[in-house]
Amino acid sequence: MADDQIQKLGFGPGDGDDKTVGKAVDQTSVLGSRYNTEDFFVVLADVLNDGKINNNGGVSYEAAKQVYTFR
């Protein structure tokens, strides 16, 4: 399930070849059109937290201050 969520953020699946670890880059960029910059990092933290987009990633964006808050 985490793989599905991370792919929705624009990260593709790895090639599964352990021999390329440290030698090749599977992913060099992400699709950024789904989320604006502020929301992208909030959603990324959420997915990395538990593999789900459920607003419990511990990161929020304060637009008035233009800063991220980590809890």
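Just so we're clear, the structure is a prediction, and the values are computed from it rather than from any experiment. (Residues numbered from 1 in each chain as written. Predicted model: local features only at pLDDT ≥ 70, side-chain atom pairs only at ≥ 80, totals over all residues. Heavy atoms only, no water.)

Novice: Tell me about the overall build of the chain, and name the residues and values.
Specialist: A count of helical and extended segments in the chain gives two helices and two strands. Traced from its N-terminal end to its C-terminal end, the chain shows the element sequence α-α-β-β. Here the chain, with 71 residues, has 21% of them falling under the buried criterion. Sequence-distant contacts in the chain: of pairs separated by 6 or more residues, those separated by 24 or more amount to 34%. (Helix = DSSP H or I, 4+ residues; strand = E, 2+ residues; numbered from the N terminus. Buried < 20%, exposed > 50% of the residue type's maximum accessible area, 1.4 Å probe, protein only. Contact = heavy atoms within 4.5 Å.)

Novice: Tell me what's going on with the pattern of salt bridges, and back it up with residues and numbers.
Specialist: One pass over the structure, following the stated rule, counts one salt bridge. As a salt-bridge pair, K65 and E62 come within 3.7 Å of each other at their nearest N and O atoms. (Salt bridge = Lys/Arg side-chain N within 4 Å of Asp/Glu carboxyl O.)

Novice: Outline helix 2 (residues 37-50), supporting the account with residue identities and numerical values.
Specialist: Counted at 1.5 Å a residue, the expected span for helix 2 with its 14 residues is 20 Å, and the 21 Å between its end C-alpha atoms agrees. Within helix 2, the full set of buried residues consists of F40, V42, V43, L44, A45, D46 and V47. G51 occupies a position one or two residues after helix 2 and carries a positive phi of about 80 degrees. (Expected span 1.5 Å × (residues − 1).)

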